[in-house]
Amino acid sequence: MTINSLYIFDRHCICVYYQDWHRTRRPKPAAEGGLLPGVSQAVSPGTSAGPSSGFDSPRNTLASSSGTVVAINEHTNPQLSIPMAPTGVTSTGLAFDEEAKLVYGVVLSLRNMIKKISGRDEQFTSYRTSSYKLHLFETPSGYKFVMLTDQKSEMMRSVLKQIYLVGFLEFVVRNPLIKMDSREQGIDNDNFRSAVDRYVRGLPNYN
Amino acid sequence: MAIFGLWIINKAGGLVYQRNFAEGLAQLTSNENLVLAGTLHGIHAITARLSPMGPSSGAQVIEGETFKMTIFLTATGTKFVLLTSLNETIAEILLQRIYEAYADAVMKNPFHTPEMPIRSDGFDTRVTAIIGTG
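Here the structure is a predicted model, which is why all the values come from computation and not from measurement.

Asker: I tried to follow the overall build of chain B on my own but got confused; where do I start?
Answerer: A count of helices and strands for chain B gives 3 helices and 5 strands. Ordered by position from the N terminus, the helices and strands of chain B form the series β-β-α-β-β-β-α-α. The C-alpha atoms of chain B give a radius of gyration of 15 Å, which matches the 14 Å a tight globule of 134 residues would have. Taking the principal axes of the C-alpha coordinates as reference, chain B spans close to 45 × 30 × 30 Å. The contacts of chain B with a sequence gap of at least 6 include a subset with a gap of at least 24, amounting to 43%.

So this is what it looks like as structure tokens:
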């Protein structure tokens, strides 16, 4: 039982957040301009060029010495950053932005297909292949939470809903420094990332 | 426990056989079914590329809230799709048996053109028997 990755898409089909845990096949960093700033440090374009490159949001005016920093994405917390495992890691051959588009495309197509076949307003919940399982949870506001786990995992919709209720509402929706629906900025911030990380690592099937 | 329908999709993504069994899902026109089968064919190819851990097959089971689609891909690229309720546990076994019937009643039929729509009373009867006893 393993949890591999979490994508959050907004209602404009844009990937606004990404996080992963022990993935052995990794995407290449996103192409320049292919991904919004503030989605994920690990897959942003030019991640090797230094942590501050590509991030010039108004949030940068917050200095960490001026009190509590609520949302800042220049520095990744050391225990939160995902180190590239030196061995056994292969590439998917896809840039992250391409991969995110494929994930969104699959989710959207399946969602429409399930609605069409059922003839009702029925939600697509998951699919599985021989090596992984994809789960979808969609909020009424059109945010789509997509999680990839190993194929034996049971329903993860409750988990995704919990991430929405606890992490997302608290650290994204109620965070005045996050521009939601902006189409130019992701929703990444340290509090949300660590809340998700803590919650996922505490799950019985995290492994 | 309900079996709603069966699709057979050829290796080019065309729907060559479609049958409804139990009621419960929308009644779609043959054109709508063709479009959905083509979409499924494309999605199936993409899902194999999204694996986070090692190589992967395409989607095998796709679940909604009240029904699921079990997909069986043969070595030659033909896809057998069974639409059933969520608690149907023998969908894979049924697909295996439908594949056997397909090999016997369709592939061995000298009047059948490969990759073309299946019009065979023998196959229809065999499928009815499998689903009926399933």
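Asker: Is there a simple way to think about the overall build of chain A in this case?
Answerer: Of regular secondary structure, chain A possesses 3 helices and 7 strands. Order of helices (α) and strands (β) in chain A, N terminus to C terminus: β-β-β-β-α-β-β-β-α-α. Each of the 207 residues in chain A was classed as buried or not, and the buried ones make up 39%. Considering only contacts in chain A between residues 6 or more positions apart, those separated by 24 or more positions represent 54%.

Asker: So what exactly am I meant to see when it comes to the interface of chain A and chain B here?
Answerer: Where interface size is given, it is often the accessible area lost as the parts come together that is meant. Each partner contributes residues to the interface: chain A has 30 residues there, and chain B has 29 residues. Mapped onto the side of chain A that touches chain B, the elements with two or more residues apiece are β1 (3-9), α1 (96-118) and β5 (124-128) of chain A. Considering every element that reaches the side of chain A that touches chain B, the biggest residue donor is α1(A), with 12 residues. A per-class count over the side of chain A that touches chain B returns 11 nonpolar, 13 polar and 6 charged.

Asker: Just to check I follow, could you spell out the packing of α1(A) against helix α1 (residues 30-47) of chain B for this structure?
Answerer: If you want to describe how two helices pack, look at the angle between their axes and the distance between the axes. Orientation of α1(A) relative to α1(B), taken along the N-to-C sense of each, is 150 degrees, at an axis distance of 10 Å. With respect to α1(B), the axis of α1(A) lies roughly antiparallel. Crossing of α1(A) against α1(B): the hand is left-handed. Note on element contacts: α1(B) touches α1(A) through B:E32, B:L36, B:T39, B:L40, B:I43, B:I46 and B:T47, opposite A:L102, A:G105, A:V106, A:S109, A:L110, A:M113, A:K116 and A:I117. Across the contact of α1(A) with α1(B), the residue classes tally to 9 nonpolar, 4 polar and 2 charged.

Thresholds applied
- Residues numbered from 1 in each chain as written.
- Chains lettered and ligands numbered in written order.
- Predicted model: local features only at pLDDT ≥ 70, side-chain atom pairs only at ≥ 80, totals over all residues.
- Helix = DSSP H or I, 4+ residues; strand = E, 2+ residues; numbered from the N terminus.
- Rg over C-alpha atoms; globule rule 2.2 N^0.38 Å.
- Contact = placed C-beta atoms within 7 Å.
- Buried ≥ 20, exposed ≤ 12 C-beta atoms within 10 Å, placed from the backbone.
- Nonpolar A, V, L, I, M, F, W, Y, C, P; charged D, E, K, R; others polar.
- Axes fitted to C-alpha atoms, helices over the stretch in contact; angles between N-to-C directions.
- Parallel < 35°, antiparallel > 145°, perpendicular 65-115°, else oblique.
- Left-handed = near helix turned anticlockwise from the far one by under 90°.

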